[in-house]
Amino acid sequence: MSVATPAELDRRILAAIAAYALDDAAFFALARDLFAFQIVHDAPYGAFARSRGFGPGRLPERIDEIPAVPAAAFKEARLATFPRERTTAWFETSGTTRGTGGRHEFETLTLYEAAVLASFDRMMLPDAARLRYLNLVPDPRENPHSSLGHMMATVARERGDGADGWYLHGDALDAGAFLRDVARANADGVAVCIATTAFALVAVLDALGERHAGAPLPAGSRIMETGGFKGRTRVVERARLYGETAERFAVPVEAIVAEYGMTELSSQYFDDPASRGRIEPRVKAPPPWLRPIVVDGEGRPLPPGVVGAIRHVDLANRGSVLAIETEDLGALVEAGPGGPAGLLLLGREHGAELRGCSLDAETLLARRG
Amino acid sequence: MAERAAATGALRALPAARIASFLADAAERWSDADFAPRVRATEAIAARLGYSAPVVEYALDRLFLGITRDALEAAIASELGTLGALDGVVERRGAPAAWARGVDRAVIVSSETTIGVALAPALFALCAKCDVVVKDRGDALVAAFFATLAEEHPAFGAAARARVWTGGDDPSEDALLAGAGTLVAFGRDETLRAIRARGGTDTRFVGFGRRASIGFLARDEAAALDDRLAERIARDALLYDGEGCLSLHALFVEAEAEGAALARAARTLAAACERVAVEFPGGERPAAVAAQTASYRNLAAFRAAGGRGAVLRAGDATLVVDPPSDEPPPFLPRVLPIVPVSGDDAIAAYCAAQRLPVQAIGVVWPSPRAVALAERIGAVRVAPFGELQAPPLAGHHGGAPRIADFVRWIDRDA
């Protein structure tokens, strides 16, 4: 079996990104070649694949056969297809019950940034607007290893008007500076894109609520919300969050778009434009080089409409692992003509009824502070 | 107050020994798997918890077969000196004569428990002749048992009540909690804090928080592990899908991580789990739990592929050998981590590092060494494997007395 070179794989992946098109057969062919490359050059993934019965002599026959590493595996081993000394950037994953985080390392950010821009252009900038980016996400100058921060820095650099602002410093949100910059954008007549975590958005809405004020955005503005409320004690229902956001910022609900991504991936999902007219449920649409698979507890693929755990096969993860398994729940949504299946994201059953008196991981974490 | 007096008047007229007899008689009826109320309750419990029918039947057998007059009387006598202390003033050697008078009302809030956990405190509160109100689960097991009690003697019809209500939403809840003489609650830390805050100034609060149980195999025991012992360990791990505080959540084995002894013990346990899973099939799991379980299992498989530990599938159970020692047990259904340790010090260090609130330790034999380990790690019970999930009624409940919290002593000085 001959294994493709990194340059050859990158060229094919970049072509798919540039074309924003990849049919099922082409996707699988590329995924299989990428898998064959990764099990040779990424030793921990190769060992894991062999333990699942796959190797150079036996490649997956279907996309759902590609062994998927749990996202937490990035905290256990260095998952990279290149030597450590060639790492030029890395993004850090959050900690676990063991208190350790992980790294998603990159030899080059070419694929990552190409994937970010192509998706963002399609899903957030179909009008090719040059916006001002007001970012309620980590500032990459302070936190260079935040994938979300880097994503928005890339977008602001390539698609912004050069006057972007960053308002999240550590855990502190500078709501005052943010609101001043919203006012300035209004004065300048420049439409903005607010990139925000759900939690930061709540904090801004709280600040506006305390002032009994709104912060109307210039016409053509939009909001990209991401991250949910993971690890936060305060959770606000999406319907309420989006309703209040639309009201305070004077934007239509369809201008509020959720992004779903992970540090362990190089690509992102966005709310499908066709489902943005409502707040819920919205369908998460992947770009053509990213495919979701929903599986049951035994890893068997589930048909559209059935809830299970979400796996991602991300061809832009050329330098690490293409198939990632998560604990996020969702269901596939039938693909439209020629497009990949979308995803209904259900989170992790927040508030599900407890069934026993046993200690659980959540309680233990709370006790450990 | 008048309402409570009316509720318990008839019960207070009964000698405690007769109350214990009625309770035991009712339990005996419930020990029959064909007893109609039990059949209905079995279905309701299976529907609520998702456990398989054999698991529910086993739980009800263990629950009701354990409620005997001897067990009730032994627990009461060990705590109060004599059963008669509940009926009036009794002489006590070297101490003032005294009467263990039951508090007027005992309220038991059991919103997050498995099968019948609220029943034991309710029985002892009735022995103390309290007016008892239980917040029942949706399966109404306690209510159904109370109905049988009322058939045994009408006094229970007024004194023992079980209701289903939504915490914080029911307007009568405030008065009920504030007026309790003794308030027993089961639940998560924040649940217990909230309930405790709503008790009255004089309310005695008895909280049972969420806890975990562990097992320990000493070096020679691991070497001698046979199918019979392995099945007892497997039953402790698999019953109730690990959701009880007495479920086996982690098994510590005195062995080297890479050694043959650990591998052999794990294989023997896996085979036993497979057999036990046939007798006690696992229950339905929510998609979120299934996803977490798969993720934990696959992460262990990833580690194993890299040369660290092993994963053994056994029916619907998973055994993870040599998980990272700085990682807490997963608390997932039918997932048992097998942790190699050098000895008791390592177990104590693990529990301390993870701040693991240990309820019980399962062992081959409850030796002085096991009791010493329990004392070190804060556990409140040492039990032989196979009995971990069946605490005797005559024993303490989670380290607390069975009946002492339901009485106030009235001393008659000489």
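All figures in this text were calculated on a predicted structure; none of them were measured in a lab. (Residues numbered from 1 in each chain as written. Chains lettered and ligands numbered in written order. Predicted model: local features only at pLDDT ≥ 70, side-chain atom pairs only at ≥ 80, totals over all residues.)

1. What about the overall build of chain A?
Then comes step 1: Helix and strand content of chain A: nine helices and 15 strands.
Then comes step 2: By the compact-globule yardstick of 21 Å for 369 residues, chain A fits well, its C-alpha radius of gyration being 21 Å.
Then comes step 3: Principal axes of the C-alpha set define a box for chain A whose edges measure 65 × 55 × 45 Å.
Then comes step 4: Every one of the 369 residues in chain A was classed for burial, and the buried ones make up 46%.
Then comes step 5: Put simply, 66% of the contacts in chain A that link residues at least 6 apart link residues at least 24 apart. (Helix = DSSP H or I, 4+ residues; strand = E, 2+ residues; numbered from the N terminus. Rg over C-alpha atoms; globule rule 2.2 N^0.38 Å. Buried ≥ 20, exposed ≤ 12 C-beta atoms within 10 Å, placed from the backbone. Contact = placed C-beta atoms within 7 Å.)

2. Some words on the interface of chain B and chain A
Then comes step 1: Between chain B and chain A, the residue contacts involve 44 residues of the former and 38 residues of the latter.
Then comes step 2: Here the side of chain B that touches chain A gets 15 residues from one element, more than from any other, and that element is helix α14 (residues 287-305) of chain B.
Then comes step 3: When its residues are assigned to classes, the side of chain B that touches chain A shows 22 nonpolar, eleven polar and eleven charged. (Nonpolar A, V, L, I, M, F, W, Y, C, P; charged D, E, K, R; others polar.)

3. A word on the packing of helix α12 (residues 227-238) of chain B against helix α13 (residues 260-279) of chain B
Residue and element names in this part refer to chain B.
Then comes step 1: Closest axis-to-axis distance for the α12/α13 pair is 8 Å, and the angle between their directions is 60 degrees. As for the relative orientation of α12 and α13, their crossing is right-handed in sense. Together, D227, A230, E231, I233, A234, R235 and L238 of α12 and T268, L269, A272, C273, R275, V276 and A277 of α13 make up the contact between the two elements.
Then comes step 2: For the contact of α12 with α13, the per-class residue count stands at nine nonpolar, one polar and four charged. (Axes fitted to C-alpha atoms, helices over the stretch in contact; angles between N-to-C directions. Left-handed = near helix turned anticlockwise from the far one by under 90°.)

4. Some thoughts on the sheet that holds strand β10 (residues 310-314) of chain B
By definition, the strands of a sheet pair up through backbone hydrogen bonds, in either a parallel or an antiparallel sense.
Residue and element names in this part refer to chain B.
Then comes step 1: Spatially, the seven strands line up as an open sheet ordered β10-β11-β12-β9-β8-β13-β14, and their pairing is mixed. In this open sheet, the two edge strands, each paired with only one partner strand, are β10 and β14 (381-384). Adjacent strand axes in the sheet meet at a mean angle of 25 degrees, parallel and antiparallel pairs treated alike.
Then comes step 2: With four bridges connecting them, strand β9 (residues 248-254) and strand β12 (residues 335-341) associate as parallel partners. Its bridge partner being in β12, F252 is matched across the sheet by V339.
Then comes step 3: Along the sheet, α14 makes contact with β10, β11 (317-321) and β12, crossing β10 at roughly 135 degrees. (Pairing = 2+ DSSP bridges.)

5. Comments concerning helix α3 (residues 36-49) of chain B
Residue and element names in this part refer to chain B.
Then comes step 1: Compared with the 20 Å implied by 1.5 Å per residue over 14 residues, the 20 Å span of α3 between its first and last C-alpha is a close match.
Then comes step 2: Of the surrounding secondary structure, the elements contacted by the buried residues of α3 are α2 (16-30), α4 (53-65) and α7 (141-152).
Then comes step 3: Two residues or fewer past α3, G50 is found with a positive phi of approximately 80 degrees. (Expected span 1.5 Å × (residues − 1).)

6. Section: helix α4 (residues 110-123) of chain A
Residues and elements named next belong to chain A.
Then comes step 1: Helix length check: α4 (14 residues) gives 20 Å between terminal C-alpha atoms against 20 Å at 1.5 Å per residue, within 8%.
Then comes step 2: Most of α4 is tucked away, with ten of its 14 residues classed as buried.
Then comes step 3: Along α4, the positions that sit buried rather than exposed are L111, Y112, E113, A114, A115, V116, A118, S119, F120 and M123.
Then comes step 4: Where α4 is buried, its residues contact α1 (6-19), β3 (103-106), α5 (147-159), β9 (256-260) and β10 (269-271).

7. Structural notes on the sheet that holds strand β15 (residues 407-412) of chain B
Residue and element names in this part refer to chain B.
Then comes step 1: Taken together, the three strands give an open sheet; going across it, the order is β1-β2-β15, and neighbouring strands pair in antiparallel fashion. Since the sheet does not close on itself, it has two edges, and those belong to β1 (90-92) and β15, each with one partner. For this sheet, the mean angle separating the axes of adjacent strands, direction not counted, is 40 degrees.
Then comes step 2: Bridging between β1 and strand β2 (residues 95-102) involves two bridges; their strand directions are antiparallel. Note that in β2 the partner of R92 across the bridge is A95.

8. Thoughts on the environment of B:A272
Residues and elements named next belong to chain B.
Then comes step 1: With respect to the helices and strands, the residue A272 is situated in helix α13.
Then comes step 2: The exposure class assigned to A272 is buried, which follows from the 25 C-beta atoms found within 10 Å.
Then comes step 3: For the pair A272 and D32, spaced 240 residues apart in sequence, the C-alpha to C-alpha distance is 29 Å.
Then comes step 4: Setting aside chain neighbours within four positions, we find A272 in contact with D227, A230, E231, I233 and A234.

9. What to know about unusual backbone geometry
Apart from glycine, the bulk of residues carry a negative phi angle, and the bulk of peptide bonds sit in the trans form.
Then comes step 1: Between A:E280 and the following residue, A:P281, the backbone shows a cis peptide bond with an omega angle of -10 degrees.
Then comes step 2: Inspection of the secondary structure assignment puts A:P281 in the loop between β10 and β11 (284-285).
Then comes step 3: Notably, B:K129 is not glycine yet its phi reads approximately 70 degrees, a positive angle.
Then comes step 4: Here B:K129 shows up in the loop between α6 (119-127) and β4 (131-135).
Then comes step 5: For B:R334, which is not glycine, the phi dihedral falls at a positive 55 degrees.
Then comes step 6: Structurally, B:R334 can be placed in the loop between β11 and β12.
Then comes step 7: Owing to 24 C-beta atoms within 10 Å, B:R334 belongs among the buried residues under this scheme.

10. Section: the confidence of the model for chain B
Low pLDDT marks regions whose predicted coordinates should not be analysed in detail.
Then comes step 1: With 97% of its residues at a pLDDT of 70 or more, chain B has an overall mean of 94.
Then comes step 2: Both scores are given for the predicted complex: the pTM is 0.90, the ipTM 0.91. (pLDDT = per-residue confidence, 0-100.)

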